[in-house]
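A structural walkthrough
Here is what each chain is made of, one letter per residue.
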Amino acid sequence: MTDAPLPIAFARHLARDRRRSAHTVRAYQATAERLLAFLRLHWGGPVAAADLSRVSQADLRAFLAARREAGLGNASTARELSAVRALMAFAGAPPPRVSGPRVKKGVPRPIAPAEAVALAEEVAEDAREPWIAARDWAVLLLLYGAGLRIGEAMALTGGVMPLGDTLRVMGKRAKVRVVPLLPAVRDAIQAYAAACPYPLSGEAPLFRGARGGPLSPAIIRRSVRAARVRLGLSERTTPHALRHSFATHLLGRGADLRALQELLGHASLASTQIYTAVDAAHLLDVYRNAHPRA
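Thresholds applied
Residues numbered from 1 in each chain as written. Predicted model: local features only at pLDDT ≥ 70, side-chain atom pairs only at ≥ 80, totals over all residues. Heavy atoms only, no water. Phe/Tyr/Trp six-rings, centres within 6.5 Å; stacked < 30°, edge-to-face > 60°. Helix = DSSP H or I, 4+ residues; strand = E, 2+ residues; numbered from the N terminus. Buried < 20%, exposed > 50% of the residue type's maximum accessible area, 1.4 Å probe, protein only. Lys NZ or Arg CZ within 6 Å of the ring centre and 35° of its normal. 1 Å grid on protein atoms, 1.4 Å probe; cavity = no way out; pocket = protein on both sides within 12 Å on 5 of 7 lines; lining within 4 Å. Points joined across faces, edges and corners; volume = space filled by probe spheres on them. Nonpolar A, V, L, I, M, F, W, Y, C, P; charged D, E, K, R; others polar. Salt bridge = Lys/Arg side-chain N within 4 Å of Asp/Glu carboxyl O.

Let's talk about the packing of aromatic side chains
Following the criterion strictly, the structure yields five aromatic pairs and no others. Geometrically, the ring pair formed by phenylalanine 10 and tyrosine 28 is stacked, given 6.4 Å between the ring centres and 20 degrees between the ring planes. Placement of the pair is phenylalanine 10 in helix α1 (residues 6-16) and tyrosine 28 in helix α2 (residues 22-43), with a sequence separation of 18 residues. Of the residues examined, tyrosine 28 reaches a relative accessible area of 6% and is grouped as buried. Joined through ring pairs, the aromatic side chains of Phe10, Tyr28 and Phe90 make up one cluster. Above the ring of tryptophan 43, the side-chain terminus of arginine 54 is found at 3.8 Å from the ring centroid.

A closer look at empty space enclosed by the protein
One pass over the structure, following the stated rule, counts one cavity of 30 Å³ or more. Here the largest cavity is characterised by a volume of approximately 30 Å³. For the lining of the largest cavity, the secondary-structure elements that each account for two or more residues are α5 (113-125) and α6 (130-146). Across the lining of the largest cavity, the residue classes break down as seven nonpolar, no polar and no charged.

A short note on the pattern of salt bridges
Applying the stated criterion across every chain, the model contains twelve salt bridges. The salt bridge involving glutamate 80 is made with arginine 34; its shortest N-O contact spans 2.9 Å. Of this pair, glutamate 80 sits in helix α4 (residues 74-90) while arginine 34 sits in helix α2, and the two are 46 residues apart along the sequence. Residue arginine 79 is joined to glutamate 125 by a salt bridge in which the shortest nitrogen-to-oxygen separation is 2.6 Å. Here the residue arginine 79 occupies a position in helix α4, and glutamate 125 occupies one in helix α5, the gap between them amounting to 46 residues. As far as burial versus exposure is concerned, arginine 79 and glutamate 125 are alike and both buried.

Printed below as a string of structure tokens:
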């Protein structure tokens with residue numbers, strides 16, 4: 001611990017010792033500042049690092065309740081709790097046992113856009129190297145932003161670089177399709193390529209493992225599984241669920257079923273039609289929650 005104010009010392013620790021991304025450092029420092037400001041009002045006095053050892057379950061629940069009142073969703077609240085735990089561990093104060101918010105389990109539902117981004121951020125923030133964080137962020141944005149299967153993303157080679165507005169993807173049964181690339185997805189892949197310590201060219205895999213070999217889908221699945229637990233997301237939150245969400249959100253915004261079939265690389269329209277049922281289920285949820293006689 002240094003003589004710097006606690007949030008600044010915490011941020012330096014995350015950046016230097018934990019090698020967290022700049023985004024994580026900013027987010028966790030902001031949480032530290034919010035917690036200390038809350039405790040000053042809650043306790044009616046100044047708060048030092050040593051004082052964190054007396055934070056009780058009731059104190060922490062009151063802080064999280066205040067954050068929920070400020071508009072945080074389940075995933076964001078869970079990430080706030082994760083940051084608080086990291087801060088208290090840094091200060092040598094065992095955090096009280098408080099469970100994070102949980103998402104209701106039920107029939108399969110698409111991941112909300114905010115949850116998809118929170119999941120990708122959480123996975124990236126847990127990476128042990130900055131370039132690996134950039135890689136994981138790029139992979140998950142590619143699944144959610146372009147609707148790729150995880151195997152299709154892992155099969156991409158360095159030959160796709162430099163990226164344009166579209167991407168040629170080899171799908172099942174060696175069927176090639178062209179998918180559009182959103183600027184955010186393209187930027188994420190380019191940032192990863194710039195940070196990757198291994199050459200990305202020709203027929204070599206685009207996404208690399210820590211030792212330079214092809215990235216295994218199991219690594220991404222394992223990272224997503226750990227992140228969804230920390231965020232309190234449903235066990236149905238998988239890499240494939242990001243593709244599922246891509247399809248459902250497009251359909252919900254008026255995408256043509258045939259066009260969606262092409263984007264997803266489905267051989268049969270029947271495979272694409274499952275998303276109409278999911279979208280109808282979503283509409284029913286909206287009706288039940290909004291209609292006074294539902």
